[in-house]
Amino acid sequence: VRVTLTPIRSRDKGVAGVIAVLHDVTEAEKLEQSRREFVANVSHELRTPLTTIKSYAEALDDGAKEEPELAGRFVGVIRSETERMIRLVSDLLHLSRFDSRRAQLRREMTDLSEMLEEVVDRFSFQLRQKDIMATIDVAPNLNTVWLDRDGIDQVLDNLVSNAIKYTLEGGTILISAAGNGAGQLVIAVRDTGIGIPKKDLERIFDRFYRVDKARSRNMGGTGLGLSIAREIVRAHGGTISLDSEVGIGSVVTVTLPIVQEGSEPA
Ligand code: ADP
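Since the model is a prediction, treat every value here as computed from it, not as a measurement.

Some details on the overall build of the protein chain
Scanning the protein chain for helices and strands turns up eight helices and nine strands. Compactness check: the protein chain gives a C-alpha radius of gyration of 25 Å against a globular reference of 18 Å for 266 residues, more than 25% above the reference. Once the C-alpha set of the protein chain is aligned to its principal axes, its extents read approximately 90 × 65 × 35 Å. Counting over 266 residues, the protein chain shows a buried share of 37%. A fraction of 65% describes how many contacts in the protein chain between residues 6 or more apart in sequence connect residues 24 or more apart. Of the roughly 15900 Å² of accessible surface on the protein chain, 53% is carried by carbon and sulfur atoms. Counting 35 positive and 40 negative side-chain charges, the protein chain places the averaged centre of each group 8 Å from the other.

Okay, structure coming up:
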């Protein structure tokens, strides 16, 4: 809060009183602060791969390209760093699309079981690679729901991708969908992964927040997956939360209002 004081003078007695105006600048300042942090984070996240690419390109120029094996490895690094930047930029585009509730949802009638099966299919290669078993459980009375398929697909991709990234070989993932009796659809993605310490849980949906920066980077993470998921879920009028136990696993729960076809919630 900022305070401005204006003295009230009376003709004969000097200062007769004071007008105090309290300005609530906290919200505006907080917003500006988080905008500054965001720009700093984005710049840093982009500069890191760019610096790597530059130095590997220089090394190739300085003679590494004469050694085929070395050159191959360096080109590999350049490619994977480029891919990371592409992922980052496309994540940023997703964020800006769903930012600040301006998002235009494109809802369509969606078969829940089909949607969840297709998510698992998209990750079948990674699942097989880590020998992780993924199971789907859809409540029998749930068939179709009216939602932005692209948006919810993005949410599920982010959650399943995290579940795989942060689960050790041989683990399991359970994706479930059910009504909660209050007109809401609850989708949960549960894993038997490394878990998240309690102290980090509060900030886990913040942009660029990671429990273990090095691990996330090695896994190709951008630190934006959960914040994008949250924006999309909020645009649907829903909520998202994460519960976790270190060494036991995590569960992300997405709660969405069940909307009748054609009627959008206010
Ligand atoms: P990232 O691209 O780093 O995975 P996210 O926004 O998707 O970014 O997740 C933020 C952080 O939350 C991750 O870096 C990781 O530390 C933690 N995290 C997310 N999902 C899980 C999970 N299923 N199990 C353990 N940790 C997770």
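Back to the text.
Details of the packing of helix 2 (residues 68-98) against helix 8 (residues 225-235)
Remark: helix 2 packs on helix 8, axes separated minimally by 9 Å, with the N-to-C direction vectors making an angle of 25°. If you check the angle between helix 2 and helix 8, you find them roughly parallel. In this structure, the crossing between helix 2 and helix 8 has a hand that is left-handed. Seen from helix 2, the contacting residues are D91, H94, L95 and F98; seen from helix 8, they are S227, I228, E231, I232 and A235. For the contact of helix 2 with helix 8, the residue count by class is five nonpolar, two polar and two charged.

Structural notes on the pairing of strand 6 (residues 172-179)
One face of the sheet, then the other: side chains in a regular strand alternate in exactly this way. Strand direction decides the pairing type here: strand 4 (residues 133-138) and strand 6, joined by six bridges, are parallel. Its bridge partner lying in strand 6, I136 is registered against I175. In this sheet, strand 7 (residues 184-191) lies alongside strand 6 in antiparallel orientation, the contact comprising seven bridges. For G179, the partnering residue across the bridge sits in strand 7 and is L185. Hairpin remark: strand 6 followed by strand 7, antiparallel, with four residues in the connecting loop; positive phi at G181, about 80°.

Some points on the nonpolar core
With 48 residues, the main nonpolar core has L112, L159, I173, L185, I240, L242 and V254 as its most contacted residues. Per-element tally for this core: the top contributor is helix 5 (residues 149-165), with seven residues. For I173, the residues in contact, after removing those within four places along its chain, are L127, I132, M133, A134, T135, A163, I164, V189, R190 and D191.

Observations concerning the environment of V189
Of note, V189 is situated in strand 7. Considered as a pair, V189 and D111 are 78 residues apart in the sequence and their alpha carbons are 18 Å apart. Once you skip the residues sitting within four places of it in the chain, V189 turns out to touch L159, V160, A163, I173, L174, I175, S250, V251 and V252.

A closer look at unusual backbone geometry
If you check the backbone angles, D131 has positive phi at about 55° while not being a glycine. Summarising the element assignment, D131 is placed in the loop between helix 4 (124-129) and strand 4. Although it is not a glycine, F208 sits at a positive phi angle of roughly 70°. Looking at the element boundaries, F208 is found in the loop between helix 6 (198-201) and helix 7 (213-218). Judged by relative accessible area, which is 4%, F208 ranks as buried.

Some remarks on the pairing of strand 2 (residues 14-23)
Where strand 1 (residues 2-10) meets strand 2, nine bridges bridge the pair, whose relative direction is antiparallel. Paired with R9 across the strands is V15, a residue of strand 2. Connecting strand 1 to the antiparallel partner strand 2 that follows it, the hairpin turn spans three residues.

Procedures and definitions
- Residues numbered from 1 in each chain as written.
- Predicted model: local features only at pLDDT ≥ 70, side-chain atom pairs only at ≥ 80, totals over all residues.
- Heavy atoms only, no water.
- Helix = DSSP H or I, 4+ residues; strand = E, 2+ residues; numbered from the N terminus.
- Rg over C-alpha atoms; globule rule 2.2 N^0.38 Å.
- Buried < 20%, exposed > 50% of the residue type's maximum accessible area, 1.4 Å probe, protein only.
- Contact = heavy atoms within 4.5 Å.
- Areas by Shrake-Rupley, 256 points an atom, 1.4 Å probe, with all protein chains shown as cover.
- Lys, Arg positive; Asp, Glu negative; His and termini not counted.
- Charge placed at Lys NZ, Arg CZ, Asp CG, Glu CD.
- Axes fitted to C-alpha atoms, helices over the stretch in contact; angles between N-to-C directions.
- Parallel < 35°, antiparallel > 145°, perpendicular 65-115°, else oblique.
- Left-handed = near helix turned anticlockwise from the far one by under 90°.
- Nonpolar A, V, L, I, M, F, W, Y, C, P; charged D, E, K, R; others polar.
- Pairing = 2+ DSSP bridges.
- Core = buried A, V, L, I, M, F, W, Y, C linked by side-chain atoms within 4.5 Å.

All quantities given are derived from atomic positions and should not be read as evidence of function.
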